[in-house]
Amino acid sequence: MGDFLSYEDLPLAPNRDAFYSVVLSPDFLGMASRLQEVLIIGAVTGIAALAVHRARHVVQARAVAETGRRRMQRIFGKYVPPHVVRELANNEGYLRPQMRDATLLFADVEEFTAIAEKLPPDVLISVLNELFSATAAVIAGNGGLVVSYIGDAFVASFNAPLPVDDHAERAVSAAREILRLADESDFGGHRLRLRIGVASGPVAAGTVGSDDRLSYTLYGDTVNLAQRLESLNKEYGTNCLLSGETASAVSSDCGLKYLGSTSVRNRQRQVDLYVLAD
C-alpha cells in the first residue's frame, strides 16, 4: 500500500461519520489494533496449547498408572489391596531381582483332601475364595502380601516386595489373627482349620515368567523352611510353628514357647522350634 490511513488521521474529537470514514476505509491500517489482536491471539493460542499439553500429560499419566495397576494385578491377583497395587506400580524397583531379609508365612488347610471329597467343585472353590479373601486382608493389615496360592495353601511375605519394619513381629501377629479368624468364622458355611509355618531369613525375590504371564516369586532356604514348619505341625500336634530366627526377632511378649531343636528334611543344621502359644 502506497498510502494508508491510521488513527493519527482522525481529527480531534471526531464525530461518528468522521470516525467511520477513516476506520472503515479500505486504506485504514490501525497498527495498534493489529498489534493488540496479535497479542491476544498469541496469548489465547499459548494458553490453549498449554491446556492441551497438560491434558495430554494427565491422560498419559493415567494410562501409565492403569497399565501399571493391571500389571500388578496380573502378577499378584485380585486379592492385593488397591493402595498396595498403587505403591508397587509407582515403584517397580520393588519387583526387580534382589536379596532381602524377610519373614515368610506358609499356611495350609488341615485335612483339605477329606473336605474336597465331600463338596461339589463350585462350593469348594467358593469356600477357598472366602478363606483367601479373609486371610489376605489380615496379611495386608499387618503389612505383608500374599505372593502365591498353591491349591489350598498360600505363601505370604513380609518385607518383600514391600519394605516393612519389624517384619517378623508382623508375621507372628498375622499368624495369630489368622488362627483366631479360623476359630471364629465359617467360610461358605464350613469351618476350616489351618496349619501355619513362619520362618525368617534371606530370600531371593523378583518377578519371573514371560510378558504375558509374570509372577512374583521367592526362593531360598527360608521359603522351604516355612513350608517344612507347616508340615511339622502334624507331628507336634500344633497349629503354628516358628523358626528360631523368627523367635529371636520378635519381642518377648509375643507368646512363643520353645519346643527344642529338630532335623528338617533337606537341611543340614537343626532348627530351633517355637510354637505360637494361646
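For the structure itself, look to the data block above.
Residues numbered from 1 in each chain as written. Predicted model: local features only at pLDDT ≥ 70, side-chain atom pairs only at ≥ 80, totals over all residues. Heavy atoms only, no water.

Q: Any chance you could explain the overall build of the chain here in plain terms?
A: Scanning the chain from N- to C-terminus turns up 8 helices and 8 strands. The long-range share in the chain, meaning contacts at least 24 apart out of those at least 6 apart in sequence, stands at 62%. Of the accessible surface of the chain, which amounts to about 16200 Å², a share of 53% is contributed by carbon and sulfur atoms. (Helix = DSSP H or I, 4+ residues; strand = E, 2+ residues; numbered from the N terminus. Contact = heavy atoms within 4.5 Å. Areas by Shrake-Rupley, 256 points an atom, 1.4 Å probe, with all protein chains shown as cover.)

Q: Is there a simple way to think about the pattern of salt bridges in this case?
A: Using the criterion set out here, one finds 3 salt bridges in the structure. When the shortest N-O distance is used, the salt bridge between D166 and R170 registers 3.0 Å. The class for R170 is partly exposed, based on a relative accessible area of 30%. Between E230 and R195 there is a salt bridge, and its shortest N-O distance comes to 3.2 Å. Residue E230 is located in helix α7 (residues 221-236), and its partner R195 is located in strand β4 (residues 194-209); the two are separated by 35 residues in the primary sequence. Overall, the relative accessible area of 3% leaves E230 in the buried class. (Salt bridge = Lys/Arg side-chain N within 4 Å of Asp/Glu carboxyl O. Buried < 20%, exposed > 50% of the residue type's maximum accessible area, 1.4 Å probe, protein only.)

Q: For this particular structure, what's the right way to read a nonpolar patch on the surface?
A: There is a patch of nonpolar side chains on the surface, built from F19, Y20 and L24 and spanning about 310 Å² of accessible area. Within the secondary structure, F19 sits in helix α1 (residues 16-23). (Patch = residues over 30% accessible without salt bridge, like charges linked within 9 Å, V, L, I, M, F, W, Y side chains within 5 Å.)

Q: Any chance you could explain the environment of S148 here in plain terms?
A: Take S148: it is sitting in strand β2 (residues 145-150). Spatially, the C-alpha atom of S148 lies 7.8 Å from that of T217, the residues being 69 residues apart in sequence.

Q: Help me understand the side chain of S157 in this model?
A: Within the element layout of this structure, S157 appears in strand β3 (residues 153-158). Among residues more than four places away in sequence, those in contact with S157 are A102, T103, L104, G144, L145, V147 and L218.

Q: When you look at unusual backbone geometry in this model, what are you seeing that I'm missing?
A: A negative phi angle is the norm for most residues apart from glycine, just as the trans form is the norm for most peptide bonds. Looking along the chain, the bond that leaves A160 and enters P161 is cis, with omega of 5°. Locating P161 in the fold gives a position in the loop between β3 and α6 (167-184). A positive phi angle is found at N159, which is not glycine, with a value near 85°. Phi at D166 is positive, roughly 40°, even though this residue is not glycine.

Q: Would you mind going over the pairing of β4 with me for this structure?
A: Strand direction decides the pairing type here: strand β1 (residues 98-109) and β4, joined by 12 bridges, are antiparallel. Within β4, the position partnered with T103 by the bridge is S200. As judged from the 3 bridges shared by β4 and strand β6 (residues 240-243), these two strands associate in the parallel manner. Paired with I196 across the bridge in β6 is C240. (Pairing = 2+ DSSP bridges.)

Q: Any chance you could explain the packing of aromatic side chains here in plain terms?
A: Any pair of aromatic rings gets described here by the distance separating the centres and the angle formed by the planes. Scanning the model with the defined rule gives 4 aromatic pairs in all. Considering the side-chain rings of F132 and Y149, the 4.5 Å spacing of their centres and the 45° angle between planes classify their relative orientation as tilted. With F132 in helix α5 (residues 121-141) and Y149 in strand β2, this pair connects stretches of sequence that are 17 residues apart. Ring centres 6.3 Å apart and planes at 55° place the aromatic pair Y149 and F154 in the tilted group. (Phe/Tyr/Trp six-rings, centres within 6.5 Å; stacked < 30°, edge-to-face > 60°.)

Q: Help me understand α7, please; the structure alone is not making it clear to me.
A: Each α-helix winds once per 3.6 residues, and so residues spaced three or four apart point in a common direction. The first and last C-alpha atoms of α7 sit 22 Å apart over 16 residues, in line with the 22 Å expected at 1.5 Å per residue. Taken together, the buried positions of α7 are occupied by T222, V223, L225, A226, R228, L229, E230, L232 and N233. The inward-facing, buried residues of α7 abut β1, β4, β5 (214-219), β6, β7 (256-262) and β8 (271-276). One or two residues past the end of α7 sits G237, with phi positive at roughly 65°. (Expected span 1.5 Å × (residues − 1).)

Q: Explain α5 to me, please; I cannot follow it from the model alone.
A: Spanning 21 residues, α5 covers 30 Å between terminal C-alpha atoms, matching the ideal 30 Å at 1.5 Å per step. Residues of α5 that are buried: L124, V127, L128, L131, F132, T135, A136, V138, I139 and A140. Those residues of α5 that are buried lie in contact with β1, α4 (112-118), β2, β3, α6 and β4. Downstream of α5 by one or two residues, G143 has phi in the positive range, about 85°.

Q: Would you take a moment to explain the nonpolar core for this structure?
A: It is characteristic of soluble globular proteins that their nonpolar side chains tend to be buried jointly. Ranked by internal contacts, the top residues of the largest apolar core, which has 36 residues, are L105, I139, F154, I196, V198 and C240. Where this core is concerned, the elements lending two or more residues are β1, α4, α5, β3, α6, β4 and β6. When near neighbours in sequence (up to four residues on either side) are disregarded, L105 contacts I139, F154, V155, A156, F158, A171, A174, A175, I196, G197 and V198. (Core = buried A, V, L, I, M, F, W, Y, C linked by side-chain atoms within 4.5 Å.)

Limitation: the analysis is restricted to geometry and does not speak to function.
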